[in-house]
Amino acid sequence: MKAFWTIVAGLALVTACADDGPQLASPIDPPDAGSTITVDVELGDLWVRPASIDVEPGTAITMNVTNTGAMTHDLKVNGTDGTEMLDPGESETITVGPFSATTEAWCTVPGHREAGMSMDIVVTGAATETTDGGHDGHGEVATGDFAEIDFNAAPGEGWQPFDPALQPAAGGTEHELTLVADEIVMEVAPGVTQEMWVFNGTYPGPILRGKVGDIFTITLVNDGEIGHSIDFHSSKVAWNDEMRTIAPGESLVYQFEAKHAGMFMYHCGTSPAIHHIGNGMFGAIIIDPPDLPDVDHEFVFVQSEIYTGPMDGPGDLTKMLDDAWDAVVFNGYVNQYLHAPIRVETGERVRAWVLDAGPSENSSFHIVGTIFDTVYKEGVLLLEPDETRGGAQALDLQPAQGGYVEFTFDEDGLYPIVTHKFSNASKGALGLFQAGDVEVPAGAGH
């Protein structure tokens, strides 16, 4: 049973709650006031056993805490008093209390409490001690001091957009790369900073590219303060081997052969994966289809959602579980190509690679004022120029799907880049192509 729950957690099925994990066969009888009781506590991957303890007012608890999970955990009352961080298999005995009001203990690893890793300490006949909100992550409205995004604001001086230009695939057949996992504070909208969980310091992570048959040898280094992992959708390797979570300071080598063409996602898969992806820990890898024709320009657009936490803090997991995003963006910043339009010339052939990194929302990639004459989606060429003169208006993608479209601009002007789910275009998924030497009006929009 324990192995089953470890696999579920590793696969990031974050709907696992404390109630889903193993439970005691019977409740603990409340002890007399003023005494100390001893309880054996088991920390699994996204659950705590027991999930609740009843005590009389004035009772202290000695906890023999053992981490039986596959990840590092701790347990702290109100997030402050409790164990050190325990590696898998480690134990620690602590005494907490005495308790005069009902309260809660939880794992302080980001996202673990919200995913269900908590314990209620219920003082019979007493009031509930205030904590920082609900913890089960299911159907609750996220509350807190969240950063607020002003969609009409402009970036400050010195801001640089994510460069969407894509370079051709390298000539070699083996690609040796190092990806460094870390948690850093960065700007995601004008004046809004969040703690993003990233690869190589960028959100999204580096864009990788190769050809069918190429070998990718990726060294993942964890420079962060929590466990991280990596999952390449372009690979065919066992999940429990190269996609395993590594602790801070550790590294692993992930090697695979690119056997199929397409635009693939890579991401951290450490549980809860929605928290790691929702905090920016993803990127794109392009494996060129054979005989991919040359074009004048290639650009990459990775769509994702932003779920704000407090300023300089990580995104809110409860919002992620409730699909309550604050913004939808291309390449990690609100409306960035509205502030820095992408310049091309009229008549030039453009290929736009598009990945929906999610973690949860779909995409209908559209460019106002032109028509796609070529559409490639999930490894299949759906449309190409021929005597039928067919055209496409949007590339529809679900999370973790990707492809490309090709097009030209027939006249000088400005061409908005959007997801045609316009509620999201109004929440940050808006940019501009600038064809020719034309003036970009202040506050341009669509």
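Scroll up for the structure.
About the cut-offs
- Residues numbered from 1 in each chain as written.
- Predicted model: local features only at pLDDT ≥ 70, side-chain atom pairs only at ≥ 80, totals over all residues.
- Heavy atoms only, no water.
- Patch = residues over 30% accessible without salt bridge, like charges linked within 9 Å, V, L, I, M, F, W, Y side chains within 5 Å.
- Areas by Shrake-Rupley, 256 points an atom, 1.4 Å probe, with all protein chains shown as cover.
- Salt bridge = Lys/Arg side-chain N within 4 Å of Asp/Glu carboxyl O.
- Lys, Arg positive; Asp, Glu negative; His and termini not counted.
- Charge placed at Lys NZ, Arg CZ, Asp CG, Glu CD.
- Helix = DSSP H or I, 4+ residues; strand = E, 2+ residues; numbered from the N terminus.
- Pairing = 2+ DSSP bridges.
- Axes fitted to C-alpha atoms, helices over the stretch in contact; angles between N-to-C directions.
- Phe/Tyr/Trp six-rings, centres within 6.5 Å; stacked < 30°, edge-to-face > 60°.
- Buried < 20%, exposed > 50% of the residue type's maximum accessible area, 1.4 Å probe, protein only.

Draft legend 1. Just a negative patch on the surface, in detail. Side chains of Asp-410, Glu-411, Asp-412 and Asp-437 sit close together on the surface and give a patch of like negative charge. Relative to the assigned elements, Asp-412 resides in the loop between strand 26 (401–407) and strand 27 (413–419).

Draft legend 2. A look at the sheet that holds strand 25 (residues 395–397). Reading across the sheet, the five strands line up as 20-28-27-22-25 and stay open at both edges, with mixed pairing between neighbours. Looking at strand neighbours, the two that pair on one side only are strand 20 (342–344) and strand 25, the edges of this open sheet. Across this sheet, the average inter-strand angle for adjacent strands is 20°, counted without regard to direction.

Draft legend 3. Representation of the packing of aromatic side chains. Scanning all chains against the criterion turns up 22 aromatic pairs. Judged by centre distance (5.9 Å) and plane angle (75°), the rings of Tyr-203 and Phe-282 are edge-to-face. Of the two residues, Tyr-203 sits in the loop between strand 11 (192–199) and strand 12 (208–211) while Phe-282 sits in strand 17 (residues 282–288), which places them 79 residues apart along the sequence. For Phe-282, a relative accessible area of 1% gives the class buried. Ring geometry for Phe-301 versus Tyr-337: centroids 6.1 Å apart, planes at 85°, classification edge-to-face. Of this pair, Phe-301 sits in strand 18 (residues 297–306) while Tyr-337 sits in helix 5 (residues 336–339); the two residues are 36 residues apart in sequence, bridging distant segments of the chain. Accessibility expressed as a relative area gives 0% for Phe-301, which makes it buried. Judged by its relative accessible area of 3%, Tyr-337 falls in the buried class. Pairwise contacts between aromatic rings join Phe-299, Phe-301, Phe-330, Tyr-337, Phe-365, Phe-372, Phe-407, Phe-409, Tyr-415 and Phe-433 into one cluster.

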